[in-house]
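Architecture at a glance
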Amino acid sequence: MARLPIPKSLKRILVPAWNEGHRLGWLVRDHAGAVLSGRWARCSVCGRVRPMIYRRRVVPEKLAERWGLTPRLAKALARKESSDCAGCGAKLRARRIASVLLETFPIGSPPAPARSLAEWVRSPEAARMRIAEINRIDGIHGALSHLPGFASSDYHPGAPPGAIVEGVRSEDLTRLTYPDASFDLVLTSESLEHVPDLGAALRGIRRVLAPGGLHIFTVPVLPDEPKTFRRAELRPDGSIKHLAASIHHPGGDVGYLVFTEFGADLPEVLKRAGFDLTVHYGPVREDDLTQVYVCRWMGL
Ligand SMILES: [Zn+2]
């Protein structure tokens, strides 16, 4: 039996409706999953009590295979990259950075941690802070964006460091253009692994921090990798030399190349770079890859 041709005009209506149906299907499934498994919590970013949406599909099977992740590691990575707050969308890694920030910078008298970034930003203590967010961190970015001392940047390949591209300042972690000692807090999340020269990035962060200032961040660390190693390096002519199997993280047109693979020795790497270090939610383990590192620069 010949299939009836579907008129183009009808397709234009049916295809979006079909896609929207799929999207709603996922939404219902994700919310039901969060409710049934009791994943409700107060969000440290927006302050609302909401389901935290775990989405295993953010780490597709093919990717997990290519990266050599065990099923437990793949799940732990999916938790880090999802567990989104149904209220504001902040992922687990953003919510943990927020929790550590709230603990580290209590407000009021006597000082106590605010319950959320939404509450924290309304305090005079937060209004006095000079904060650099280097590469946008979804959830945190929105919560902090109205603070007077908040500076945000993204990395636009090819743009001169410090240039404004489509309204957003472009900064390269290895060549920061902010003045010396100009921030109390630098925030990065899943960025340091993509920097061609890790030493230059850590020196740059140290330079822009005021004495006593903090760099709070997350990076991918694999628990079964004892030693930090370089997967690639940038040659002076701008070409890339691959030293180990190349890995890209999702994003951009072709994904972001990983230059440094961090191992369990990351705390020593950071101490050697001159920082005092505390690790929150550590140590890294097969069931929890979402550690938050707090590096304090004590000054020269
Ligand atoms: Zn939230």
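The shown structure was predicted, so the numbers you read here are calculated from the model rather than taken from an experiment.

Further remarks concern a nonpolar patch on the surface. A contiguous nonpolar patch, built from Leu10, Ile13 and Leu14 and spanning about 280 Å² of accessible area, is present on the exposed surface. Relative to the elements of secondary structure, Leu14 occurs in helix H1 (residues 8-36). You can call Leu14 partly exposed: its relative accessible area is 44%.

With 13 residues, helix H4 (residues 92-104) should reach 18 Å at 1.5 Å per residue; the first-to-last C-alpha distance of 18 Å fits that figure. For H4, a buried count of 10 out of 13 residues is recorded, marking the element as mostly surrounded by other parts of the structure. All of the buried residues along H4 are Leu92, Arg93, Ala94, Arg95, Arg96, Ile97, Ala98, Val100, Leu101 and Leu102.

This brings us to the coordination of the zinc ion. Listed as protein donors to the zinc ion are Cys43 (SG), Cys46 (SG), Cys85 (SG) and Cys88 (SG); their distances from the metal cover 2.3 to 2.4 Å. If you look at the zinc ion, its four donor atoms make angles of 106 to 115° with each other, and the shape they trace is tetrahedral. For Cys85, a relative accessible area of 2% puts it in the buried group.

On to the environment of Leu69, then. Within the element layout of this structure, Leu69 appears in the loop between helix H2 (61-66) and helix H3 (71-81). A relative accessible area of 15% places Leu69 in the buried class. In this structure the C-alpha to C-alpha distance between Leu69 and Leu222, which are 153 residues apart in sequence, comes to 9.3 Å. Setting aside chain neighbours within four positions, we find Leu69 in contact with Val59, Ala64, Ala74, Leu77 and Leu222.

In this section: the sheet that holds strand S2 (residues 49-53). Taken in spatial order, the three strands of this open sheet run S1-S2-S3, and their pairing is antiparallel. The open sheet terminates on both sides in strands that have one partner only, identified here as strand S1 (40-42) and strand S3 (84-85). Here two bridges tie S2 to S3, and the two strands are oriented antiparallel to one another. Paired with Met52 across the bridge in S3 is Cys85.

Further remarks concern the UniProt feature "domain: Methyltransferase type" (unreviewed entry) in the protein chain. The positions that UniProt labels "domain: Methyltransferase type" (unreviewed entry) are, in the present scheme, residues 169-217. Secondary structure over residues 169-217 splits into 22% helix and 37% strand, and the C-alpha atoms at its two ends are 20 Å apart.

On to H3. For H3, the complete set of buried residues consists of Leu73, Ala74, Ala76, Leu77, Ala78, Lys80 and Glu81. The inward-facing, buried residues of H3 contact H2, S3 and H4. Directly after H3, the chain includes Ser83, whose backbone phi takes a positive value near 50°.

Bridge count for strand S4 (residues 131-134) against strand S5 (residues 150-154) is four bridges, and the pairing is parallel. Each bridged residue has a counterpart across the sheet, and for Ala132 the counterpart in S5 is Ala151. For S5 and strand S7 (residues 168-170), the ladder comprises two bridges, and the chain directions are parallel. Paired with Asp154 across the two strands is Ser170, which belongs to S7.

A few words on the environment of Val269. Assignment of secondary structure puts Val269 in helix H9 (residues 266-272). For Val269, a relative accessible area of 13% translates into the label buried. Taking the C-alpha atoms as reference points, Val269 and Ile164, separated by 105 residues in sequence, lie 33 Å from one another. With residues up to four places along the chain from it excluded, the contact list for Val269 reads Leu198 and Thr228.

Thresholds, definitions, all that
Residues numbered from 1 in each chain as written. Predicted model: local features only at pLDDT ≥ 70, side-chain atom pairs only at ≥ 80, totals over all residues. Heavy atoms only, no water. Patch = residues over 30% accessible without salt bridge, like charges linked within 9 Å, V, L, I, M, F, W, Y side chains within 5 Å. Areas by Shrake-Rupley, 256 points an atom, 1.4 Å probe, with all protein chains shown as cover. Salt bridge = Lys/Arg side-chain N within 4 Å of Asp/Glu carboxyl O. Helix = DSSP H or I, 4+ residues; strand = E, 2+ residues; numbered from the N terminus. Buried < 20%, exposed > 50% of the residue type's maximum accessible area, 1.4 Å probe, protein only. Expected span 1.5 Å × (residues − 1). Donors = N, O, S within 2.8 Å, 3.2 Å for Na, K, Ca; no water. Tetrahedral: all angles 85-135°; square planar, octahedral: opposite > 155°, others 65-115°. Contact = heavy atoms within 4.5 Å. Pairing = 2+ DSSP bridges. UniProt positions renumbered as here; feature names shortened; annotations may be inferred.

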